[in-house]
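What the coordinates show
Listed here are the chains, written in short residue letters.
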Amino acid sequence: MIETVSFRLNDRPVRLRVDPKRTLLWVLRTELELTGAKHGCGVSECGACTVLVNDRPVRACGAKIKSVAGKEVVTIEGLAKGTALHPLQQAFVEHDALQCGFCTPGMILSAYGFLRTHPNPTYEDVLKGMDRNLCRCGAHKRIVEAILAAAAAMREATVP
């Protein structure tokens, strides 16, 4: 049965007629043409599909579209404000914290959620906090260094 689902997406209101049982990931990728969130494992294990829902990381492959009704959804496409990259995006660039880039959107949005609750993490804190995000290229060391650099930049600039 088709229903209307309304929510905010990357600072814009969205209203869709959609099967409420469809996953958030596939609605984002197909109906809304936002392909930053990736289909990795499809069972909420790898983190490639991570988006923010009300500022918290959510695995979009495991979330039904109806679960975001009335909420704020941010994808990697909506993290930067204007032409300025978010400090996490900038740190990933500066630390070359990617290889193929497949996991990068999910890594950045998971790190965003992690840093909201751990604004001054240690290297070990980041390792533990990002443990459920997989990078098949093995860029984990550079990813952790980028997250630490972003944490420092966000503390200095008081960026959420």
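This one's a predicted model, so the numbers in the text were calculated from it and none came from an experiment. (Residues numbered from 1 in each chain as written. Predicted model: local features only at pLDDT ≥ 70, side-chain atom pairs only at ≥ 80, totals over all residues. Heavy atoms only, no water.)

Okay, the nonpolar core next. Leu-88, Phe-92, Met-107, Leu-115, Ile-143 and Ile-147 are the most contacted members of the largest nonpolar core, which totals 27 residues. Within the residue set of this core, elements represented by two or more residues are α2 (87-94), α3 (104-117) and α5 (140-157). Here this core gathers at least three residues from each of two domains, domain 1 (3-78) and domain 2 (87-158). Not counting residues up to four positions away in its chain, the partners in contact with Leu-115 are Leu-88, Pro-121, Ile-147, Ala-151 and Met-154. Within the second largest apolar cluster, 21 residues are counted, among which are Leu-9, Leu-28, Leu-34 and Val-73. (Core = buried A, V, L, I, M, F, W, Y, C linked by side-chain atoms within 4.5 Å. Buried < 20%, exposed > 50% of the residue type's maximum accessible area, 1.4 Å probe, protein only. Helix = DSSP H or I, 4+ residues; strand = E, 2+ residues; numbered from the N terminus. Domains from an automatic or database assignment. Contact = heavy atoms within 4.5 Å.)

Right, let's talk about α2 for a bit. Pro-87, Leu-88, Gln-89, Ala-91 and Phe-92 are the residues of α2 that are buried. Where α2 is buried, its residues meet α3 and α5. Downstream of α2 by a residue or two, Asp-96 has a phi angle that is positive, lying close to 50 degrees.

This brings us to the domain arrangement of the protein. In terms of domains, the protein is made up of domain 1 (3-78) and domain 2 (87-158). For domain 1 versus domain 2, the separation of C-alpha centres amounts to 21 Å. Taken together, the contacts link 18 residues of domain 1 with 13 residues of domain 2. Across the interface of domain 1 and domain 2, roughly 1300 Å² is buried in total on both sides, 58% from carbon and sulfur atoms. Where domain 1 touches domain 2, the interface holds one salt bridge. A salt bridge links Asp-55 to Arg-116; the shortest N-O distance between them is 3.5 Å. Joining domain 1 to domain 2, the criterion identifies six residue pairs in polar contact (both at pLDDT 80 or more). Elements represented by at least two residues in the side of domain 1 that touches domain 2 include exactly β3 (50-53) and β4 (56-59). (Buried area = accessible area lost by both parts, 1.4 Å probe. Salt bridge = Lys/Arg side-chain N within 4 Å of Asp/Glu carboxyl O. Polar contact = N/O pair within 3.5 Å; in protein donor to acceptor, adjacent residues only side chain to side chain.)

For strand β1 (residues 3-9) and strand β2 (residues 12-18), the ladder comprises seven bridges, and the chain directions are antiparallel. Note on β2: the bridge partner recorded for Glu-3 is Val-18. The turn joining β1 and β2, which pair antiparallel and follow one another in sequence, is formed by two residues; a positive phi near 50 degrees is taken by Asn-10. (Pairing = 2+ DSSP bridges.)

Following the criterion strictly, the structure yields zero aromatic pairs and no others. Positioned over the ring face of Phe-102 is Arg-136, at 4.7 Å from the centre of the ring. (Phe/Tyr/Trp six-rings, centres within 6.5 Å; stacked < 30°, edge-to-face > 60°. Lys NZ or Arg CZ within 6 Å of the ring centre and 35° of its normal.)

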